[in-house]
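Each chain is listed here by its residues.
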Amino acid sequence: MPDDLHGKAISTAFINWFFFDHLGRPESWQDAAPFGALAGHPLREKLALNGLAHHMIGLAGGDLKPLSLDREILSPSKHMLTRAINPFGMESKVAGDADMLAFDVRFLFVDDAPQPSIQWLSCVDKSRLTVDAAGKLAKLSADDMATLETLASLTALRLRSVLKGVGVRLAAGKLSFETPMGRQFILADTIGPDELDLQMDGLRLSQDFLCNSYRASSWLAAVEKAKILAAEREEADWKRICTEELKAHPPLLSPITKEKAVMIYKTLARALCEKNHGKTIFADAWDMPRLASALMPKQKAVA
C-alpha cells in the first residue's frame, strides 16, 4: 500500500508489547473470575505462579534486554519507541522455524459463549484441520494437544477480559505458539487488531476498515488473482506478482480515511495503557466513543 499510515506501526508495537507483557505476568492470571469453568484447572494455577512464556523481548536495544514501560514507552524524551528491534518490537529469544507449530490456533466466542471454541488452521493454506491431523503435523501427542487447547482457551479468556475493560468485545482471534525448551509451549508472533476480531458498538476495529476502502477497486481483484498464482507456483511473494506482473496498485486513500485507520490502533493503545498502567500514551489519540462515532457508516439522506 503506497499510503504512509503514520503512527500505525508505532502504536501496533505498543499493543503487541502490552499483550505479551500482560500475559507474561503471573498477577494477570491470579483472578479466577475471567476463566469460568477453567478457573480451577491446574494450568491456570501454574500460569498464576509463573505467567505465560513468550518470545516478546520488549522495546529493547541491541543488547536484547527487556526495557521498562516507563523508560522506553512513557518517557517524554524524543527517543520514545525509536529503539524497537523492528517496527513491531518483536524478536525471538530462541528457536528457528523448525520450532514453530505447523498450524495456527484460532479461537471463537460463538454468541459470547463463556468458553471459546478452538480451531486448528494450516499455516500453508489456512484450511481447517482436525485435532488429530494438527497433532500429527506438529508431532504432538494427544496430551500435548489437549494442553495446547487449554492454554489457548485460557489466553483467549484473559484477552477477552482485558479488552472488555476498555469497552471492546473480543469475538475471535489467532494465536501462535512455538515448542522449544523441552516442548513447553511459548506464545509467539504478534497479538493486535490484525490478529484479533475486535468489535465496539457493532463495528470491527481492524484493518478491514482499510480493506473496505478498496472493495470497489480493480486492485482488490488483482490481489486475489496474485494470491492464487502464488499458491499455484508455491511462491510466498504474491505482492510482487500483483505489482510487477499484473501491474496493479492500490488507489490512494483520502487523508480522512488514513486518519481513521491510524486511530484504530492509536486509540486502542492509549485506552489499554490508561486503563492498565494509569498513564497516557499517544496523547493525540481519540477516545473510544469518538473512534466509534468516526467509524460508524454514514447514513445516506433520503430524498
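All values derive from a computational prediction rather than experimental measurement.

Caption draft 1: Region of interest: the overall build of the protein chain. Counting secondary structure elements, the protein chain contains ten helices and seven strands. Per-residue burial over the protein chain gives 48% buried out of 303 residues. By sequence separation, contacts in the protein chain at least 24 residues apart represent 67% of the contacts at least 6 residues apart.

Caption draft 2: A look at the nonpolar core. One finds Phe-19, Phe-103, Trp-120, Leu-163, Phe-177, Ile-191 and Leu-196 to be the most contacted residues of the largest nonpolar core, which totals 68 residues. Tallying contributions element by element places helix 5 (residues 142-164) first for this core, with ten residues.

Caption draft 3: Seen up close, the environment of Ala-285. By secondary structure assignment, the location of Ala-285 is in the loop between helix 9 (255-277) and helix 10 (288-295). Given a relative accessible area of 7%, Ala-285 falls into the buried group. The spatial distance from the C-alpha of Ala-285 to the C-alpha of Thr-267 is 5.1 Å, given a sequence separation of 18 residues. With near-sequence residues (within four places) excluded, Ala-285 lies in contact with Met-263, Lys-266, Thr-267 and Arg-270.

Caption draft 4: Geometry of the pattern of salt bridges. Taken as a whole and judged by the stated rule, the model has twelve salt bridges. The shortest N-O distance in the salt bridge between Glu-27 and Arg-25 comes to 3.7 Å. Assessed through its relative accessible area of 45%, Glu-27 is described here as partly exposed. By relative accessible area, which is 35% here, Arg-25 ends up partly exposed. Two residues, Glu-245 and Arg-233, come together in a salt bridge whose shortest N-O distance is 2.8 Å. With Glu-245 in helix 8 (residues 238-245) and Arg-233 in helix 7 (residues 218-233), this pair connects stretches of sequence that are twelve residues apart. Glu-245 gets classed as partly exposed once you look at its relative accessible area, which sits at 37%. Given the relative accessible area of 38%, Arg-233 is considered partly exposed. Via salt bridges that share partners, Arg-233, Glu-235, Arg-240, Glu-244 and Glu-245 belong to a single interconnected network.

Caption draft 5: View of the confidence of the model for the protein chain. The share of residues in the protein chain with pLDDT of 70 or more is 79%, and the mean pLDDT across the chain is 79. Of all secondary-structure elements in the protein chain, the lowest mean pLDDT belongs to helix 3 (residues 69-72), at 45, while helix 5 reaches the highest, 95. For the stretch residues 58-98, pLDDT sits under 50, and the model shows 79 contacts to residues farther than four places along the chain or on other chains.

Caption draft 6: Broad picture of helix 4 (residues 131-138). Listing the buried residues of helix 4 in full gives Ala-134, Gly-135 and Ala-138. Projected onto a plane normal to the axis of helix 4, the buried residues spread over an arc of 100° and lie on a single side. In helix 4, the exposed positions angled more than 90 degrees off the buried face are occupied by Asp-132 and Lys-136. In the core, the buried residues of helix 4 are packed alongside strand 1 (103-108), strand 2 (117-122), strand 3 (128-129) and helix 5. Phi turns positive one or two residues past the end of helix 4, at Lys-139, with a value near 55°.

Caption draft 7: The arrangement of the pairing of strand 6 (residues 196-200) in detail. Of all the five residues making up strand 6, five are buried; the element is thus mostly covered by neighbouring parts of the structure. Side chains of strand 6 alternate between two faces, with Leu-196, Leu-198 and Met-200 and Asp-197 and Gln-199 buried alike. Sheet analysis places strand 4 (residues 169-178) next to strand 6, joined by four bridges and oriented antiparallel. Within strand 6, the residue paired with Arg-169 across the bridge is Gln-199. As judged from the two bridges shared by strand 6 and strand 7 (residues 203-204), these two strands associate in the antiparallel manner. Directly across from Met-200, in strand 7, lies its bridge partner Leu-203.

Caption draft 8: Summary view of the packing of helix 1 (residues 8-24) against helix 9. Viewed as axis vectors pointing N to C, helix 1 and helix 9 meet at an angle of 35°, and their least axial separation amounts to 9 Å. Helix 1 and helix 9 meet at a crossing whose hand is left-handed. Contact residues: helix 1 offers Lys-8, Ser-11, Thr-12, Phe-14, Ile-15, Trp-17, Phe-18 and Phe-19, while helix 9 offers Val-262, Tyr-265, Lys-266, Leu-268, Ala-269, Leu-272, Cys-273, Asn-276 and His-277. Tallied by class, the residues present in the contact of helix 1 with helix 9 amount to eleven nonpolar, four polar and two charged.

Conventions used here
- Residues numbered from 1 in each chain as written.
- Predicted model: local features only at pLDDT ≥ 70, side-chain atom pairs only at ≥ 80, totals over all residues.
- Heavy atoms only, no water.
- Helix = DSSP H or I, 4+ residues; strand = E, 2+ residues; numbered from the N terminus.
- Buried < 20%, exposed > 50% of the residue type's maximum accessible area, 1.4 Å probe, protein only.
- Contact = heavy atoms within 4.5 Å.
- Core = buried A, V, L, I, M, F, W, Y, C linked by side-chain atoms within 4.5 Å.
- Salt bridge = Lys/Arg side-chain N within 4 Å of Asp/Glu carboxyl O.
- pLDDT = per-residue confidence, 0-100.
- Arc of directions from axis to C-beta.
- Pairing = 2+ DSSP bridges.
- Axes fitted to C-alpha atoms, helices over the stretch in contact; angles between N-to-C directions.
- Left-handed = near helix turned anticlockwise from the far one by under 90°.
- Nonpolar A, V, L, I, M, F, W, Y, C, P; charged D, E, K, R; others polar.

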